[in-house]
Amino acid sequence: MPRLAIVSVHYYPHCCEASLRELSRLAALAPPAYCVLVNNNPLLQDRLLGLAGRHAFIDAVEQHNNSGHEFGAYQHGLNQVLSHGEFDWVLFLNDTVVTHQLFCSRHRKTLASYLTDPVSHEAPAAVGSLETLPRPYCIEGARSHRWITTNIFALNRQALEVLNGRVHHPEIDGLIRTVGDVDSFFADDLDDALKNHLKAWLFGALPGSSWREAAPLTASNAGHFADKARSILQEKYLSALLEEGRTGFMNLRRMDPFDRVRCRAEQIVFDIRKSLGQA
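A full pass over the atoms with the stated rule returns 9 salt bridges. We note a salt bridge from R108 to E22, for which the minimum N-O separation is 2.8 Å. In this pair, R108 sits in helix α4 (residues 105–115) while E22 sits in helix α1 (residues 16–29), placing the two residues 86 residues apart along the sequence. You'll find R108 and E22 in the same group, each marked buried. The salt bridge partner of R230 is D227, with a shortest N-O separation of 4.0 Å. With R230 and D227 both in helix α8 (residues 222–244) and 3 residues apart, the pair spans about one turn of that helix. For R230, a relative accessible area of 18% gives the class buried. Here the residues in one salt-bridge network are E22, R25 and R108, joined through shared partners.

Shown next as structure tokens:
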């Protein structure tokens, strides 16, 4: 069986138990050879240590200072993984996976099937939920029209070699300015396709077509939106680099009709639990 490592990033206190339950389900389907929890919130350390002690598959709990947010934490965890030998796959996830949206049972089983397939690591490969734009985007010279969402995704050893072992690129952060004016918010050389996408997602007012926290940009919320925009660009750049490296993308959202029905039923239950504060 391929050797799997897991990097699980944690920040939100209300997500701890749910994210560890999901991590345990994944580990039962695809047992890791090494698993590290990365704590991005100093107030969570004792709690995470206690939760980790209940799961034999968790090897370490690492404290991180939240620099670079989830991508900085992913890199910190990856550095730990790479110091513990060679792995065929590295699975990355953060603690919003099962709280902000549904990660259905079919997605879980499909992900595990890739991670345990003995021939799935022979060429650069990435697994996750794929999103697309109607026109290609270019960021720092790397071009793509799609990206893998990074609340949960996996890269094989060859894909990590394409990235030179880097999943966080701090230099990308300079493409966003922390100012309250939309026209000045984006660096002049940021691709127009990405500018338009970010404007609609962060500052748009159409329900279902923008971020759940979307609002008009102001001086008071500029820091919050700048952090989010930088994370989005990190996500886009990661996928564009993988695309440039001829990486194969496996989409967790591809399902047959029966699976779609089951997923819709799970979505109804998830929405009810979320409305009751139980997600």
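A separate point is α1. Taking 1.5 Å per residue as the helical rise, α1 with its 14 residues ought to reach 20 Å, and the 20 Å between its terminal C-alpha atoms agrees with that figure. For α1, the full list of buried residues reads C16, A18, S19, L20, E22, L23, L26 and A27. Of the surrounding secondary structure, the elements contacted by the buried residues of α1 are β1 (4–10), β2 (34–39), α2 (45–52), β4 (89–94), α4 and β8 (152–156).

On to the state of the cysteines. On inspection of all chains with the given rule, the structure shows 0 disulfides. C16 supplies the cysteine sulfur nearest to C35, a cysteine that is in no disulfide, at a spacing of 14 Å.

Looking now at the side chain of H76. Of note, H76 is situated in helix α3 (residues 69–82). A distance of 3.0 Å separates polar atoms of two side chains, one belonging to H76 and the other to E62. Excluding residues within four positions of it along the chain, H76 makes contact with V38, E62, Q63 and H64.

Attention now goes to the packing of α1 against α2. Direction vectors running N to C along α1 and α2 enclose 30°, while the axes themselves pass 11 Å from each other. On the basis of their axis angle, the class for α1 and α2 is roughly parallel. Here the hand of the crossing between α1 and α2 comes out right-handed. Across the interface between the two elements, C16, E17 and L20 of α1 pack against R47, L48 and L51 of α2. Considering only residue class, the contact of α1 with α2 consists of 4 nonpolar, no polar and 2 charged.

This paragraph deals with the packing of α3 against α8. Contact geometry of α3 with α8 gives a least axis separation of 8 Å together with a crossing angle of 45°. The angle between the axes of α3 and α8 places the two elements in the oblique class. Within the contact between the two elements, α3 uses H69, E70 and F71 and α8 uses D227, S231, Q234 and E235. Classifying every residue of the contact of α3 with α8 gives 1 nonpolar, 3 polar and 3 charged.

So, about the pairing of strand β5 (residues 125–128). Burial along β5 is two-sided: A125 and V127 and A126 and G128, pointing in opposite directions, are all buried. The pairing of β5 with strand β9 (residues 248–251) spans 4 bridges and is parallel. From the neighbouring strand, G128 faces β9, where its bridge partner is N251.

Under the defined criterion, the tally for this structure stands at 10 aromatic pairs. Taking the centre distance of 6.5 Å and the plane angle of 40° together, the rings of Y34 and F87 count as tilted. Highlighted residues: Y34 in strand β2 and F87 in the loop between α3 and β4, separated in sequence by 53 residues. Accessibility classification places Y34 together with F87 in one group, the buried group.

Ordered in space as β3-β2-β1-β4-β8-β5-β9, the 7 strands form an open sheet in which the pairing is mixed. Lying at the two open borders of the sheet, with one neighbouring strand each, are β3 (60–63) and β9. Each strand of the sheet is rotated relative to its neighbour by a mean of 20°, with strand direction disregarded. Relative to β8, β5 runs antiparallel, the two sharing 2 bridges. Within β8, the position partnered with V127 by the bridge is A154. Its contacts with the sheet place α3 against β1, β2, β3, β4 and β8, and it is angled at close to 145° to β1.

Conventions and cut-offs
- Residues numbered from 1 in each chain as written.
- Predicted model: local features only at pLDDT ≥ 70, side-chain atom pairs only at ≥ 80, totals over all residues.
- Heavy atoms only, no water.
- Salt bridge = Lys/Arg side-chain N within 4 Å of Asp/Glu carboxyl O.
- Helix = DSSP H or I, 4+ residues; strand = E, 2+ residues; numbered from the N terminus.
- Buried < 20%, exposed > 50% of the residue type's maximum accessible area, 1.4 Å probe, protein only.
- Expected span 1.5 Å × (residues − 1).
- Contact = heavy atoms within 4.5 Å.
- Disulfide = S-S within 2.5 Å.
- Polar contact = N/O pair within 3.5 Å; in protein donor to acceptor, adjacent residues only side chain to side chain.
- Axes fitted to C-alpha atoms, helices over the stretch in contact; angles between N-to-C directions.
- Parallel < 35°, antiparallel > 145°, perpendicular 65-115°, else oblique.
- Left-handed = near helix turned anticlockwise from the far one by under 90°.
- Nonpolar A, V, L, I, M, F, W, Y, C, P; charged D, E, K, R; others polar.
- Pairing = 2+ DSSP bridges.
- Phe/Tyr/Trp six-rings, centres within 6.5 Å; stacked < 30°, edge-to-face > 60°.

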